[in-house]
Amino acid sequence: LRRALVLAVPLGAAAGVLGWRAPPGDAAAIACAAVHLAVCALAGLVGLARLWSRRADRFAPLDAFAIDVGLLLLPVGGVWLVASRAVVPLAGFHEPVVTFTAAHFHYAGFAAPVVLGGVGRLVRRTDESRASCILRRTATIVVCAGVPLTAIGIATSAVVERVSAVVLACGMLAASTLLVGFASRRAWPRSRLAAVLFVVSGASLLVTMALAATFALTSSAGRGSSLDGAIPLGTMIALHGGGNAFGFALSGLAALVVLDALRPGDDDSRARPP
């Protein structure tokens, strides 16, 4: 399954981009989104298989569990993306909430747990301090639980929605501290590029999650909501959405890829012999 996913991911990514550029309701938009959903479903199967393989260990370690959660939540984002491209209401929600939900399950649901899982593995395998251990566990648990809880709150109760959104924002701020204060230092001896990307990823969360908490406390994404809050919706899309997509998710995942590409002991800040 994992090998099939690695081969399918470029196709799913390309289909997602092409489907997004096509007009909503167009056959090409729907077909491309469906291809993307199929790849997301395959990712979910990989996550399920990973979880099942560690059932005897109670799904430990926590960083691997976080990656599994991200893989399992990705198909949910794929379903909402298909509904968005088909201009079909889903679970009683209409546009633009359908598109926002698709985006949240791709970034907060998938990217955030995967970044935290990768960072957790990096920090755990080094000389981890008690402070970083507590911070890592808190951020991972809160983020993994906060995404589905926020979705439940949006579907059921404004009070639950606000509490869940603030809790999730706090978990992401803990993740920001973990990325800037610990992951970047662990990465620096091996890759200065990865260290800088971790700093960018964590620093982005300071802005994006402050906006999220403010919007959640002054507005709602529930059924019938006007989406009017203390922060204009356009600002949320540009700063919260764009900041999380490019600042947090892309930088954090790129940093993990850079580190994974280096052999143990490699350091891209020094010249290597031919």
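Only a predicted model underlies this, so the values are computations on that prediction, with no experimental measurement involved. Within every chain, residues take consecutive numbers counted from 1 along the sequence as written. pLDDT decides what is reported in this predicted model: residues at 70 or higher carry local features, side-chain atom pairs at 80 or more are listed and counted, and totals for whole chains, interfaces and linings draw on all residues regardless. Derived side-chain values reflect all non-hydrogen atoms in the structure, with water molecules and hydrogen atoms excluded from consideration.

> I keep staring at the overall build of the protein and nothing clicks. Help me out?
Runs of H or I in DSSP of at least four residues are treated as helices and runs of E of at least two as strands, each being numbered from the N terminus. A tally of helices and strands in the protein yields eight helices and zero strands. Counting from the amino terminus, helix and strand elements in the protein follow one another as α-α-α-α-α-α-α-α. Rg of the C-alpha trace for the protein: 19 Å, near the compact-globule value of 19 Å for 274 residues, within the 12% margin. A 1.4 Å probe rolled over the protein chains alone gives each residue an accessible area, and that area as a share of the maximum for its type sets the label: buried under 20%, exposed over 50%, partly exposed in between. Buried positions account for 47% of the 274 residues belonging to the protein. The contact rule is simple, with two residues in contact once any of their heavy atoms fall within 4.5 Å. Long-range contacts, defined as pairs at least 24 residues apart, comprise 72% of the intrachain contacts of the protein with a sequence gap of at least 6. For a compact globule the rule gives 2.2 Å times the number of residues to the power 0.38, and the radius of gyration it is set against comes from C-alpha atoms.

> What should I look at first to understand the environment of A86 in this one?
By secondary structure assignment, the location of A86 is in helix α3 (residues 62-86). Judged by relative accessible area, A86 falls into the partly exposed class, the value being 23%. For A86 and V166, which are 80 residues apart along the polypeptide, the C-alpha to C-alpha distance reads 32 Å. The residues touching A86, leaving out its near neighbours within four places in the chain, are G25 and I30.

> Honestly, the side chain of S184 in this entry has me stumped. Any pointers?
Mapped onto the elements, S184 comes out in helix α6 (residues 158-187). Throughout this description, a polar contact denotes any pair of N or O atoms lying within 3.5 Å of each other; where both atoms belong to protein, one of them has to be capable of donating a hydrogen while the other can accept it, and for residues adjacent in sequence the pair is counted only when both atoms sit in side chains. At 2.5 Å, the side chain of S184 and the backbone oxygen of V180 are in polar contact. Ignoring sequence-local partners within four residues, the contact set of S184 consists of L179, A195, F198 and V199.

> How do you make sense of the nonpolar core when you look at a structure like this?
In summary, soluble globular proteins display a tendency toward joint burial of nonpolar side chains. Side-chain atoms within 4.5 Å are what join buried Ala, Val, Leu, Ile, Met, Phe, Trp, Tyr and Cys residues into a set we call a nonpolar core. Ranked by internal contacts, the top residues of the largest apolar core, which has 41 residues, are V119, M172, L178, L179, F198, L205 and F248. Counting residues per element, the ones that place at least two in this core are α3, α4 (97-124), α5 (130-156), α6, α7 (192-218) and α8 (233-261). It is α6 that provides the largest number of residues to this core, a total of 10 residues. Leaving out residues up to four positions away in the same chain, V119 has contacts with L178, L179, A183, F198 and L256. Residues A33, L81, F93 and L227 belong to the second largest nonpolar core, which totals 11 residues.

> Is there a simple way to explain the confidence of the model for the protein in this structure?
Interpretation of the predicted coordinates at a detailed level should be avoided for regions scoring low in pLDDT. You can read pLDDT as the predictor saying how much it trusts each residue, on a scale of 0 to 100. Averaged over all residues, the pLDDT of the protein is 88; the fraction at 70 or higher stands at 94%. Taken as a whole, residues 268-274 scores under 50 in pLDDT and shows 10 contacts with residues more than four places along the chain or in a different chain.

> I keep staring at the pattern of salt bridges and nothing clicks. Help me out?
Once the charged atoms of two side chains with opposite charge are near each other, the side chains can pair. Here, a salt bridge means any side-chain nitrogen of Lys or Arg that lies within 4 Å of a carboxyl oxygen of Asp or Glu. For the structure shown, the criterion picks out two salt bridges. Salt-bridge contacts for R50 lead to D68; the nearest nitrogen and oxygen are separated by 2.4 Å. With a gap of 18 residues between them, R50 in helix α2 (residues 27-53) and D68 in helix α3 connect regions that are remote in the sequence. Residue classification places D68 among the buried positions, given a relative accessible area of 0%. A salt bridge links D68 to R54, with the nearest nitrogen and oxygen atoms 2.5 Å apart. Remark: R54 occurs in the loop between α2 and α3 and D68 occurs in helix α3; sequence separation between them is 14 residues.

> I tried to follow α8 on my own but got confused; where do I start?
Three or four residues apart is the spacing at which side chains of an α-helix point the same way, because the helix has 3.6 residues per turn. By definition here, a helix of n residues has an expected span of 1.5 Å times n minus one. Taking 1.5 Å as the rise per residue, α8 with 29 residues should run 42 Å; its terminal C-alpha atoms sit 39 Å apart, in good agreement. What we call the bend at a residue is the angle made by axes fitted to the seven residues finishing there and the seven residues starting there. The largest bend along α8 measures about 40° and falls at G243.

> Sorry, what's going on with helix α1 (residues 2-21) here?
Helix length check: α1, at 20 residues, gives a terminal C-alpha distance of 29 Å against a target of 28 Å (1.5 Å per residue), a fit within 8%. Where α1 bends most, at A8, the angle is about 40°, and the proline P10 comes one to four residues later. Here α1 has its buried residues at L5, A8, G12, A15, G16 and G19. On its buried face, α1 is in contact with α2 and α3.

> Is there a simple way to explain unusual backbone geometry in this structure?
What is expected of a backbone is that most residues other than glycine have negative phi and most peptide bonds are trans. Residue E95 is joined to P96 through a cis peptide bond whose omega torsion reads 5°. Note on placement: P96 falls in the loop between α3 and α4. Positive phi values are uncommon outside glycine, yet V87 reaches one of about 55°. Within the secondary structure, V87 is located in the loop between α3 and α4. With phi around 55°, A91 is a residue other than glycine that occupies positive phi space. In this structure, A91 sits in the loop between α3 and α4.

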